[in-house]
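Notes for the structure review
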Amino acid sequence: MVGILLPVVVLIGFNTVSLYRQALQAADTAYDRTLLATAKSIGELLEISVSGKNGDGSPPQLLAKLSYSALEPFEADNRSRIYYRVSGFAGEMVSGFEDLPAWQGQLPNQGPYAALVTFYDAEFRGEPVRMAVLLQPVAGAGGQGMATIQVAETLELRRTLAHQILLETVWRQVLLVLVIGGVVIVVVQRATAPVRRLSKQLLERKEDDLSPVQAPDAPREWQPLVEATNQVVERLSHLLESQKRFVRDASHQLKTPLAVLKLQVQSARLGDVDAMQALAEIDQTVGRATQVANQMLALAKVEQLHQELEPLPTQDWAALTRDVALDLAPLIADHHLDFDIETEAAWVDSHAWALRELTRNLLHNAISHSPSGGSLHITLSKTDAWARLLIADTGPGISAAQQARLFLPFATGPGSQGSGLGLAICQGIVQSLGGKIALENRVHGAQMEGLNAIVDLPLSAAGPGRDPEVGAP
């Protein structure tokens, strides 16, 4: 209301001052005609004396047969007073109010009337007056000359007229402001009624209600806000579901190793098994529980990666791959694998931990499923738009049944010792980075040679040597 009415009121204030000045100018224009008519009436009563008719050398004298009562018809309702002065051909006082200041000015080059007349504002006897000066030619038997007629009028009537015009306009403008205020209230109340209903609907929702907001009667201007709110609610719903799933899965996966650990500790305390054997079994159980906990935390971080809106840093995938291979070198040596690695610099947009987790899980799976004395080969190459990681092992490959549920959480194959989270973590990371992942059997003729784990990630536009105009398809 303030934002709308304040500019209107300020504009009306300026308009009022301008209107009052225009009203005074209009009143001057209207009543100046009366002053001119009064001056002309006085001019019609002027005569020239005939004292110099016989050539005695005396100049002609101007005579004015005029009394003040003759000006009363020109005084409007006795609310204004008129004063006059008639000056002779030589500027001498002829008739009227002697203390009325004589005119000393000049006529305008082009006036509004067909007469030698000018108008100006002055002050007489302590009051502001409007003055009209008429140069009236006078001719007679005694000669001819130019008389100066001054007529002054007080401003009561003019100001009264200007005030009336101003008041007539101002009350209409005040009425306009009131109408605008009323219309604003009605329109805003009607326009925001759906929003208030929507606010009430949201406040009355249950805490776990994350269904989309329904506001079919909301104004069109509010639809983008409703859609954005629904998108936020959808993200919150997905995040909450992920948290619930994480808690459910974590409790399920950790419950078994913790129960086993408790039995192993009880057996060791009762002396049912040898102490060193019990410690070895406990160490194995703790290791399995630790692996599950770490992978569950990694899976939770992958879910956060899906929700992240900030730009990702740029990483050299080749350097990280070589670091991971170096970390897993003892495990490769334990399996007596013929290992080689070939990489070239490939810059991708990702967090370092995500690339490490992706590479570590795939490489760890390949090591675990490769037979002792087998071979393991890692290749990291790139094209104009993509970086490709290929991990080729000599394991038994995957069956059709395993292929159908390959990337599901806690899906393990026969004889697997893992938690079944590694590939789910890898798929989540790859999807969050806009890439592709696949596991393909490597078959030569009818003989299974091993498994290829293939990951394609888009190259970063900000990487060294990368043309920013070339984007990932």
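Everything below is about the structure printed above this text.
Let us look at the structure shown here. From a predicted model like this one, the values you see are computed outputs, not experimental measurements.

1. Considerations on the pairing of strand 13 (residues 436–444)
Relative to strand 14 (residues 447–458), strand 13 runs antiparallel, the two sharing nine bridges. The partner of valine 443 across the bridge, within strand 14, is methionine 448. Linking strand 13 to strand 14, which pair antiparallel, is a turn of two residues; within it glycine 445 sits at a positive phi near 70 degrees.

2. Considering the sheet that holds strand 4 (residues 93–96)
Overall, antiparallel pairing links the five strands, which are arranged 4-3-7-6-5 in an open sheet. Looking at which strands have only one partner, the edges of the open sheet turn out to be strand 4 and strand 5 (117–124). Neighbour-to-neighbour, the strand axes of this sheet turn through a mean angle of 25 degrees, independent of strand direction. Examined bridge by bridge, strand 6 (residues 127–140) and strand 7 (residues 143–154) share 12 bridges and lie antiparallel to one another. Bridging across to strand 7, leucine 135 finds its partner in threonine 148. Contacts from helix 1 (residues 2–44) reach strand 3 (82–87), strand 5, strand 6 and strand 7, with the element oriented near 140 degrees to strand 7.

3. Things to note about the pattern of salt bridges
Side chains bearing opposite charge may pair, as long as their charged atoms lie close to each other. Counted by the stated rule, this structure contains 13 salt bridges. Between arginine 360 and aspartate 327 there is a salt bridge, and its shortest N-O distance comes to 3.4 Å. Remark: aspartate 327 occurs in helix 5 (residues 317–327) and arginine 360 occurs in helix 7 (residues 352–369); sequence separation between them is 33 residues. With relative accessibility at 29%, the residue arginine 360 sits in the partly exposed group. Classification of aspartate 327 as partly exposed rests on a relative accessible area of 43%. A salt bridge links glutamate 449 to arginine 442, with the shortest nitrogen-to-oxygen separation between them at 4.0 Å. On the basis of relative accessibility, which here comes to 35%, the residue glutamate 449 falls in the partly exposed class. Residue classification places arginine 442 among the partly exposed residues on the basis of a relative accessible area of 21%. Each of Asp28, Asp32, Asp121, Arg130, Glu153 and Arg158 takes part in a single network of salt bridges with overlapping partners.

Thresholds, definitions, all that
- Residues numbered from 1 in each chain as written.
- Predicted model: local features only at pLDDT ≥ 70, side-chain atom pairs only at ≥ 80, totals over all residues.
- Heavy atoms only, no water.
- Pairing = 2+ DSSP bridges.
- Helix = DSSP H or I, 4+ residues; strand = E, 2+ residues; numbered from the N terminus.
- Axes fitted to C-alpha atoms, helices over the stretch in contact; angles between N-to-C directions.
- Contact = heavy atoms within 4.5 Å.
- Salt bridge = Lys/Arg side-chain N within 4 Å of Asp/Glu carboxyl O.
- Buried < 20%, exposed > 50% of the residue type's maximum accessible area, 1.4 Å probe, protein only.

Function-wise, these values are silent; they only describe arrangement.
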